[in-house]
Amino acid sequence: MRIRYKILLVGGIPIALAAAIALAAILLLNEADRARSGAVLAGTVYRTLIAGANARDDYIGALPSERAEHAAAFSSLTASAGKDLVALAAIVRDPDHRNGVAAAQEALTLYQDRMGQLIELTARNDALVAEMAARATGLIGLTDQARDRQHASNADIVASLAERDAQLRAARDIVDRTHELLVALGDVRVQRALLTRADNALRSEYGQALTFALARLRNAAAGLGSVLRQGGDEGLAARLDALVAANEAGTSPWAREEPERPGTGRARLQLPEVALNEWADRLLKVNASQQRALHEELAELLTYSVQAHETEQATQNIAIATLKLSSQTADAFANRHAETAAALLEDSKRLGETVASLPISPLIQTEMIDAIERWSDGLATTSEGLKRQNEMLADMDRAALTMMEAARSLNDLLTGNAATIADVIRNMLVAGAAIGLFVGGATALIVAGSITKPLRRLQQGMLELAADREAGPVPEAARRDELGDMARATNSLVTEILHREQALTRAKDQADAALSELQKTQAELIQAEKLASLGQLVAGVAHEINTPLGIAVTTSTLIGDEVRRLAESASGGQLSRSAFDRFLQRMAEGSQLLFANLTRAANLVHSFKQVAADQASGEARTFDMREWLDELLTSLGPAIRKSGHTVRIDCPGDLSVDSYPGALAQVLTNLLMNAFAHAYPEGVTGTISIEVRRPRPGLMRIVFKDDGKGIPPENLKRVFDPFFTTGRSSGSTGLGLHIVYNLVTSRLHGRIDLDSRVGRGTRFMLELPTVVPERALDTARATLAGAAE
């Protein structure tokens with residue numbers, strides 16, 4: 001009897017028992033699924049109602065322009081909750097559950113109706129609030145208009161004050177100057193009287209005093225005339241000048257004296273002096289009167305200014321009070337405080353009384369009072385609407401609480417039913433598993449005896465074969481059941497593995513030989529090019545070779561692991577035909593992978609043997625840069641002529657360099673060959689220039705540039721990498737610019753920069769010392785040795 005029939009017998013009895021248990025479990029699971037579905041729907045309804053309540057709160061707290069979105073969200077959520085309740089009613093079977101669903105549906109209908117009423121009321125309240133805002137804005141505009149008018153009136157008062165102040169200052173100056181004139185005129189009278197009575201001995205002294213008095217009179221008259229002219233009284237100033245001139249002519253020390261009046265003992269007063277005195281008295285009286293009048297007018301203007309400022313400040317306070325009242329009203333509406341909104345009505349009435357008491361334009365005052373009254377009416381109406389809104393919200397909260405309680409109760413009941421059914425199913429499965437395990441175990445013991453004995457013999461044979469490949473074929477190969485098939489397949493597999501191992505050993509030996517040859521080629525390449533980048537080149541070569549070798553080693557390891565797992569499966573009695581077929585397939589794939597990668601390694605070794613460049617760097621010496629460049633281009637003449645390009649040199653004739661001409665020749669040669677090969681499209685010729693300069697002592701700069709197609713940006717950072725080339729199909733090795741970089745930075749102790757743009761050519765800039773450090777050290781040693789001798 002084949003093993004699969006025995007296994008079928010072992011598994012058939014427990015399977016039949018399990019099928020019976022599964023049928024009963026399916027029936028119970030259907031009920032549990034129904035209960036879980038109901039619980040999920042109840043939980044969904046609960047969460048949807050919470051989201052609907054949040055949408056309602058968002059609707060209340062949103063701006064009027066944004067409420068439509070939240071109202072739509074509320075409608076969508078409540079409609080979804082209604083559909084879920086209908087589906088839940090179709091699921092539940094218990095009468096109590098059905099009554100709970102019906103109560104939730106009634107509460108949801110009430111909730112939706114109240115929301116519709118709330119939306120209508122809120123729309124009316126929003127319209128009233130917008131109208132109140134417009135009234136408040138208009139009231140503020142009227143307040144600004146009244147304040148602007150009062151401000152203009154204040155400006156007129158200030159201008160009048162400034163004008164009267166200027167007039168007062170002018171009148172005060174005239175009065176002061178007139179007093180000075182009268183004092184000087186009195187002094188002239190005194191001095192003239194003394195001169196009249198003086199004897200001949202004192203006349204000279206009194207005449208000099210009179211002259212000083214007349215000078216004071218002229219100065220006083222000049223000051224008064226200047227003030228009169230500044231005030232625009234040119235006629236009075238001219239009259240003053242004429243009177244002063246006449247007075248001086250009549251009172252000269254050499255003028256004729258009139259005899260004394262009888263009985264007085266003094267000379268009679270001359271006419272010009274009298275005229276000047278009378279004119280000054282009249283001017284003093286007129287300006288003194290004007291000064292007193294201006295003082296009184298200034299006092300009145302100052303009083304008007306203070307009153308106007310107070311009116312303007314009161315108007316400003318009206319605007320501030322309006323803004324404050326509007327802000328408080330908006331806060332009350334936003335927080336739905338109906339009592340606060342009603343209390344603000346008293347503030348609006350007081351504001352109207354304040355506006356009525358202001359001394360402003362009657363027309364503006366009437367408009368302001370009307371705006372405040374209409375705003376108060378809107379506030380009263382909105383406050384009532386706010387109260388109704390709060391009542392509706394309270395009703396909606398009670399309805400929402402009813403719905404949520406019903407949904408939570410249904411969720412708890414249905415979840416409990418699902419848990420009870422799950423316990424029944426669990427107990428049934430445990431009992432069925434125990435019975436099936438007992439029956440299956442007994443059957444398995446009987447069948448196992450007929451399988452394990454030959455399987456142990458097969459296991460022992462495979463273990464011996466695993467320990468010694470030459471131990472011979474495994475036993476039980478003559479059996480006609482699955483164990484015999486396994487034994488025959490194992491023997492065939494072991495034979496194939498031995499053949500593959502021998503092939504792998506030969507391939508590994510070939511790979512080792514190829515690697516040795518490749519390493520020798522690398523050493524020759526480094527010797528020929530004399531690169532300082534030996535490590536980078538070896539790393540690149542090793543990577544290229546190690547990749548296929550690593551894959552080959554990994555594949556051989558995996559083949560060994562597959563063989564070991566097959567032996568373990570066979571020894572444990574778990575080897576099946578499908579596993580054995582999969583093992584044969586993996587062996588075929590592994591051998592193919594080994595062959596492909598070893599072939600690739602051999603090809604790579606053959607390719608790397610071709611990579612060589614025979615450029616000698618030579619020894620360091622001193623040479624003239626211009627002559628050396630000419631010699632280099634002469635030696636490269638055939639290659640330049642073959643390329644068809646033009647090479648230009650720009651180098652001073654007095655530049656002496658102590659460096660490695662061989663390494664420098666290899667650098668420029670590689671740059672030229674690279675430009676010939678890659679800088680220009682096929683069939684296009686161009687110009688290549690080599691410019692040499694000495695920017696400072698001890699430093700040489702070589703600029704190598706072409707006018708070709710340039711280097712793409714993605715390749716700029718890779719051009720100096722070893723083995724990187726865009727012309728591998730044309731035979732390029734990818735080592736030219738890498739050799740240039742290493743020679744410049746190591747052998748020549750310099751640096752190289754690259755600048756290229758697509759369509760604009762490529763530019764290499766080399767900065768090299770004119771004397772390499774080795775030569776400078778030799779020179780220093782020679783100098784020291786000469787000094788020591």
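Residues numbered from 1 in each chain as written. Predicted model: local features only at pLDDT ≥ 70, side-chain atom pairs only at ≥ 80, totals over all residues. Heavy atoms only, no water.

1. Quick notes on the overall build of the protein
So, step 1. The helix and strand inventory of the protein stands at 16 helices and seven strands.
So, step 2. With 789 residues in all, the protein has 38% of them scored as buried.
So, step 3. A sequence separation of at least 24 residues applies to 76% of the contacts in the protein between residues at least 6 apart.
So, step 4. Per element, the accessible surface of the protein, about 43,400 Å² overall, is 56% carbon and sulfur. (Helix = DSSP H or I, 4+ residues; strand = E, 2+ residues; numbered from the N terminus. Buried < 20%, exposed > 50% of the residue type's maximum accessible area, 1.4 Å probe, protein only. Contact = heavy atoms within 4.5 Å. Areas by Shrake-Rupley, 256 points an atom, 1.4 Å probe, with all protein chains shown as cover.)

2. A look at the packing of aromatic side chains
So, step 1. Counted under the stated rule, the structure contains three aromatic pairs.
So, step 2. With a centroid separation of 5.3 Å and 40 degrees between ring planes, the pair formed by Phe720 and Tyr741 is classed as tilted. With Phe720 in the loop between β5 (699–706) and α15 (736–747) and Tyr741 in helix α15, this pair connects stretches of sequence that are 21 residues apart.
So, step 3. Using a relative accessible area of 17% as the deciding quantity, one classes Phe720 as buried.
So, step 4. The partly exposed category is assigned to Tyr741, whose relative accessible area is 35%.
So, step 5. Their ring planes at 70 degrees and their centres at 6.4 Å tell us that Phe720 and Phe764 sit as a pair that is edge-to-face. On the criterion of sequence distance, the pair formed by Phe720 in the loop between β5 and α15 and Phe764 in strand β7 (residues 761–769) is long-range, its members being 44 residues apart. For the pair Phe720 and Phe764, one class covers both residues: buried.
So, step 6. One aromatic cluster in this structure is built from Phe720, Tyr741 and Phe764. (Phe/Tyr/Trp six-rings, centres within 6.5 Å; stacked < 30°, edge-to-face > 60°.)

3. Regarding the nonpolar core
So, step 1. Judged by nonpolar contacts, the single largest core of 48 residues is most densely connected at Met625, Trp628, Leu671, Val692, Ile702 and Leu766.
So, step 2. At the level of elements, α12 (625–635), β2 (646–650), α14 (661–678), β4 (687–696), β5, α15 and β7 are the ones that each hand at least two residues to this core.
So, step 3. Ranked by residue count, the leading element in this core is α14, at nine residues.
So, step 4. Excluding anything up to four places from it in sequence, Leu671 contacts Phe704, Leu737, Val740, Phe764 and Leu766. (Core = buried A, V, L, I, M, F, W, Y, C linked by side-chain atoms within 4.5 Å.)

4. Things to note about the sheet that holds β7
So, step 1. Spatially, β2-β4-β5-β7-β6 is the arrangement adopted by the five strands of the open sheet, whose pairing is mixed. Edge positions in the sheet fall to β2 and β6 (751–757), since each of these pairs with one other strand and no more. Taking each pair of neighbouring strands and ignoring which way they run, the sheet shows an average axis angle of 15 degrees.
So, step 2. Strands β2, β4 and β5 of the sheet are contacted by α12, whose axis makes an angle of about 170 degrees with β2.
So, step 3. Along the sheet, α15 contacts β6 and β7; its crossing angle with β6, the most-contacted strand, is approximately 140 degrees. (Pairing = 2+ DSSP bridges. Axes fitted to C-alpha atoms, helices over the stretch in contact; angles between N-to-C directions.)

5. Some points on the pattern of salt bridges
It is possible for side chains of opposite charge to pair when their charged atoms get near one another.
So, step 1. Scanning the model with the defined rule gives 15 salt bridges in all.
So, step 2. Of the charged contacts, one joins Arg586 and Glu562 as a salt bridge, the two residues approaching to 2.9 Å between their closest N and O atoms. With Arg586 in helix α11 (residues 577–608) and Glu562 in helix α10 (residues 534–572), this pair connects stretches of sequence that are 24 residues apart.
So, step 3. Under the relative-accessibility criterion, Glu562 is labelled buried at 11%.
So, step 4. Two residues, Arg751 and Glu767, come together in a salt bridge whose shortest N-O distance is 3.6 Å. Separated by 16 residues along the polypeptide, Arg751 in strand β6 and Glu767 in strand β7 bring together distant segments of the chain. (Salt bridge = Lys/Arg side-chain N within 4 Å of Asp/Glu carboxyl O.)

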